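Close look at the chain arrangement
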Amino acid sequence: MPNTKKEKLTQILQKLTSSGDIEGAAVITRDGLLIASDLSEGIDGDTFAAMSATMTGAAETAVQELKKSSPDRVIVESKNAKLITTGAGEQAILACIVNPNAKLGLILIDMKKAADDIKKEVR
Amino acid sequence: MNMPLKTGIPKLDELLDGGIEEKKSILFYTTPGVENIPFAFQLLYNRLQQGDNAIYLVNTKKPDAVRFMLANYGWDVSEFEKKGKFAFFDAYSGLLGLNSKERFSVKNTSSIEEIKKELTKAMGELKNNNTILVFDSLSNLLDLCGTPESTLACLKNCMPDIQKSNATPIFLFTAWAYDKDILNQIRTFFECVIDLKAIERKVILRNYFSVSKAIWLKKISKNEVPFKIVKPGGVRVYIPKILVTGPYHAGKTSFIHSASTKAVSVNRLGTTIALDHGHVDFNGFAVDLWGTPGQERFDPILELLGGESLGVVVVVDSTDPKGFARAKEMLELTKTEGLPSVVAANKSDLKGALTPDEIRKRMKLPNDIQIVPIVADDLKQVKDGEPCKLRQKDIESVLSKLFEMVV
């Protein structure tokens, strides 16, 4: 069976979520459409994608208004989860839902690696 | 001429000029990875509801699994089974060495002759009525029984009998790595071929259906219709992004909440500050609506929100002509000028509201952009700073006009 881009991206996401601390992950276009996801049942992927992309875009715009360089990532901290989004090339962003007690440094390294892989696929 | 049989998928019926013709052989030719079963389910259930009979030949899973899937889509066939209008043809259990409890079944699932014999029996029992005969799947039939060539030849022999017993055969086929020659033979063999494929456009893989052959059509439409499978519901024409924009306080959020089965909004202090997002399920369409904020201070994110839109609803306040220029500016900012658009003229029942013609004149809109007046369902319920319920009839008029333009 041919390995489609969507399957390759899903594989990258599954690798991320298999570590345990990342509970869900999605690749989203910069303008908020879902490309691929590995999210638990009951999450509305389309709405999650739209909101994550808008949040990331708004954060970038906010920082640009300060005449500072574009943010590397956006981290949202809540009592029972962290939501982290990071750019994955010009076209896409990677969004991860993370266990709040996880070691953030390791998660960020994993995400960076995955984002690089995604960048190669989404061009 | 006989009336075409409606498939229950309105857009597909349109491509087929009303529906499939009875007693013609129909093939769903599917790219691997694309779901074709819901198409057969929807067609079958729709025909059962219209009073036809149906037989579901299954050789890919147990009939109980198919019953379970049907129920998941919200289609209960048990009543039809009880009345004898619907039956399974179990060509799977035999493969596992199990006895089948279905009305029709074969022991040797790899014998096309045995299948043919049982099929004749089934056709004999149901022949007094139009019957839909679903083969799920042709690919498995080719894999299990002899060579693909001999199986096709045998099917060809069956066809006159099938047609004599008033049956319309529907075949599900997934185009795995078969010989090119076989794939061509299959395409020529069927009288109507509906293609289901996945096409990658702008990094996102989407599913499309199209009709590549139907012998009763003089002209085949080249239209490729994007679709999505929803549970429950089945096949829907899919439009991933319709932008809803317009000036501050025009009623964008109200529009989205009134139109959607499910919607979320990022509203603070009574105004949208990021976006509204809603799922619409209407008239065979599944559509996601994206609503922008209206105030100028949010302009920097408008371009991001507008990207990849396939159509626009511009909501304006009919009583506030000052906002019209802003509406046009927002089309520019979201980079959606020139896309199919409909103007929803909200609050058209309030004192001082302009008529669609006046709005067209003031906004200098070309004639191909339609203006639809919309009003609140109940003015007494309208509260400032909260989305209100708009009249359903008006919303549907806006949506159907826009969807028609987009697809």
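Residues numbered from 1 in each chain as written. Chains lettered and ligands numbered in written order. Predicted model: local features only at pLDDT ≥ 70, side-chain atom pairs only at ≥ 80, totals over all residues.

Within chain B, the regular secondary structure consists of 13 helices and 16 strands. Taken over the C-alpha atoms alone, chain B extends approximately 75 × 45 × 40 Å along its principal axes. Expressed as a percentage of the 407 residues in chain B, the buried residues total 46%. For chain B, restricting intrachain contacts to residue pairs at least 6 apart in sequence, the fraction spanning at least 24 positions comes to 68%. (Helix = DSSP H or I, 4+ residues; strand = E, 2+ residues; numbered from the N terminus. Buried ≥ 20, exposed ≤ 12 C-beta atoms within 10 Å, placed from the backbone. Contact = placed C-beta atoms within 7 Å.)

Segments scoring low in pLDDT should not have their predicted coordinates read at a detailed level. Residues and elements named next belong to chain B. Residues with a pLDDT of 70 or more make up 100% of chain B, whose mean pLDDT is 92. For chain B, strand 11 (residues 262-268) is the element with the lowest average pLDDT, namely 87, and strand 1 (residues 26-30) is the one with the highest, namely 97. Taken together, the chains of this predicted complex give a pTM of 0.85 and an interface ipTM of 0.79. (pLDDT = per-residue confidence, 0-100.)

Turning our attention to the domain arrangement of chain B. Quoted interface sizes are often the accessible area lost when the parts come together. All names here are of chain B. Annotation of chain B at the domain level lists domain 1 (10-228) and domain 2 (238-406). The gap between the C-alpha centroids of domain 1 and domain 2 is 42 Å. The interface is formed by 6 residues belonging to domain 1 together with 4 residues belonging to domain 2. Broken down by secondary-structure element, the contributors of at least two residues to the side of domain 1 that touches domain 2 are helix 1 (10-15) and strand 9 (225-230). No other element matches strand 9, which puts 3 residues into the side of domain 1 that touches domain 2. (Domains from an automatic or database assignment.)

Moving on, we come to the pairing of strand 1 of chain B. Residues and elements named next belong to chain B. When you tally the buried positions in strand 1, you get 5 out of 5 residues, the bulk of the element. Where strand 1 meets strand 6 (residues 167-174), 5 bridges bridge the pair, whose relative direction is parallel. Directly across from F28, in strand 6, lies its bridge partner L172. Judged from the 5 bridges that link them, strand 1 and strand 7 (residues 192-201) form a sheet pairing that is parallel. When the bridges of strand 7 are listed, L27 appears paired with V193. (Pairing = 2+ DSSP bridges.)

Facing 18 residues of chain A, the contacting portion of chain B comprises 20 residues. Mapped by element, the contributors of at least two residues to the side of chain A that touches chain B are helix 1 (5-17) and helix 2 (45-65) of chain A. Looking at which element gives the most residues to the side of chain A that touches chain B, the answer is helix 2 of chain A, with 7 residues. Each residue belonging to the side of chain A that touches chain B can be placed in one class, and the counts come to 6 nonpolar, 7 polar and 5 charged. (Nonpolar A, V, L, I, M, F, W, Y, C, P; charged D, E, K, R; others polar.)

Here the focus is helix 11 (residues 322-333) of chain B. Along helix 11 of chain B, the residues classified as buried are B:G323, B:F324, B:A327, B:M330, B:L331 and B:L333. Buried residues along helix 11 of chain B sit against strand 10 (234-245), helix 10 (302-306), strand 14 (311-317) and helix 12 (356-363) of chain B.

On to the sheet that holds strand 3 (residues 73-78) of chain A. All names here are of chain A. Here 5 strands make up an open sheet; going across it, the order is 2-1-5-4-3 and the pairing antiparallel. The strands lining the two open edges of the sheet, one partner per strand, are strand 2 (34-38) and strand 3. Across the sheet, the axes of successive neighbouring strands diverge by a mean angle of 15 degrees, strand direction being ignored. As paired strands, strand 1 (residues 22-29) and strand 5 (residues 92-98) are joined by 7 bridges and run antiparallel to one another. Counterpart to G24 in the pairing with strand 5 is I97. (Axes fitted to C-alpha atoms, helices over the stretch in contact; angles between N-to-C directions.)

All names here are of chain A. Across the interface, helix 1 lies against helix 3 (residues 104-121) with an axial gap of 10 Å and an inter-helix angle of 175 degrees. Between helix 1 and helix 3, the crossing angle belongs to the class labelled roughly antiparallel. Contacts between helix 1 and helix 3 involve K5, K8, L9, I12 and L16 from the former and D110, A114, D117, I118 and E121 from the latter. Residues belonging to the contact of helix 1 with helix 3 are distributed by class as follows: 5 nonpolar, no polar and 5 charged. (Parallel < 35°, antiparallel > 145°, perpendicular 65-115°, else oblique.)

The next thing to look at is helix 5 (residues 112-126) of chain B. Residue and element names in this part refer to chain B. The end-to-end C-alpha separation of helix 5 is 21 Å, in line with the 21 Å expected for 15 residues at 1.5 Å each. Of the residues making up helix 5, those classed as buried are I112, I115, L119, A122, M123 and L126. Angularly, the buried residues of helix 5 cover 100 degrees about the axis, an arc narrow enough to put them on a single face. Set apart from the buried face of helix 5 by more than 90 degrees, the exposed residues are E113, K117, K121 and G124. Summarising the contacts, the buried residues of helix 5 are in contact with strand 2 (53-58), strand 3 (86-90), strand 4 (104-105), strand 5 (131-136), helix 7 (148-164) and strand 6. (Expected span 1.5 Å × (residues − 1). Arc of directions from axis to C-beta.)

Ranked by internal contacts, the top residues of the largest apolar core, which has 150 residues, are A:V27, A:I28, A:L94, B:V313 and B:A344. There are two domains that each give this core at least three residues, and those are domain 1 (10-228) and domain 2 (238-406) of chain B. Beyond its immediate chain neighbours, meaning those up to four positions away, B:A344 contacts B:F255, B:V313, B:V314, B:V315, B:V372, B:I374 and B:V398. (Core = buried A, V, L, I, M, F, W, Y, C linked by C-beta atoms within 7 Å.)

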